[in-house]
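Report on the structure
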Amino acid sequence: MTVVKINAIAVREAMGPELEARFAERARLVEDMPGFVGFELLRPVAGESRYFVVTRWADHDSFRAWVGSQQFQQGHARTDAPDGRPVAAHADLLEFEVVELAPAGAGDG
């Protein structure tokens, strides 16, 4: 069963561009992890101020292996902004199991 893990990141004021730059420059170590399915960085537009980091995994164990890996530690080592303060004010991990998935074009008959 595919699982979705969402890191909901409350970013300090005016630090959104810094967070986006860090993800653009990331080492991309997660892409080679067993069980990794996909990644998205979502920028808030309306009704929400947090950034969402959405990852999809083959199962919960694959995600746990990623979080416990040296690659995870390496990819998350840099947390401070140029002013020395953290980019994120707070983050929450949201966890879901995919119950139904409709691929693009599935409704074409």
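In this report, we go over the structure that sits alongside the text.

Observations concerning the nonpolar core
Formed by Val3, Val30, Met33, Phe36, Trp57, Phe63, Trp66 and Phe72, the largest nonpolar core amounts to 8 residues. If near-sequence neighbours (up to four positions away) are discounted, Met33 is found in contact with Trp57, Ala65, Trp66, Ser69 and Gln71. Counting 7 residues, the second-largest nonpolar core is a separate cluster that includes Val11, Leu19, Tyr51 and Val53.

Focus: helix α2 (residues 60-67)
Looking at α2, one finds that the buried residues are Ser62, Phe63 and Trp66. Looking down the long axis of α2, one finds its buried residues gathered within 100° of arc, a one-sided arrangement. α2 presents Asp61 and Arg64 as exposed residues on the side facing more than 90 degrees away from its buried surface. Next to the buried residues of α2 lie β1 (3-11), β3 (51-57), α3 (70-75) and β4 (88-97). You can read the cap of α2 off the contacts: a side-chain oxygen lies 3.3 Å from the backbone nitrogen of Asp61, and it is on Asp59.

Regarding the environment of Leu42
With respect to the helices and strands, the residue Leu42 is situated in strand β2 (residues 36-42). Note: C-alpha distance between Leu42 and Ala8 (34 residues apart in sequence) is 9.6 Å. Leu42 has contacts with Tyr51, Phe52 and Val54, leaving out every residue within four places of it along the chain.

Criteria and cut-off values
Residues numbered from 1 in each chain as written. Predicted model: local features only at pLDDT ≥ 70, side-chain atom pairs only at ≥ 80, totals over all residues. Heavy atoms only, no water. Core = buried A, V, L, I, M, F, W, Y, C linked by side-chain atoms within 4.5 Å. Buried < 20%, exposed > 50% of the residue type's maximum accessible area, 1.4 Å probe, protein only. Contact = heavy atoms within 4.5 Å. Helix = DSSP H or I, 4+ residues; strand = E, 2+ residues; numbered from the N terminus. Arc of directions from axis to C-beta. Polar contact = N/O pair within 3.5 Å; in protein donor to acceptor, adjacent residues only side chain to side chain.

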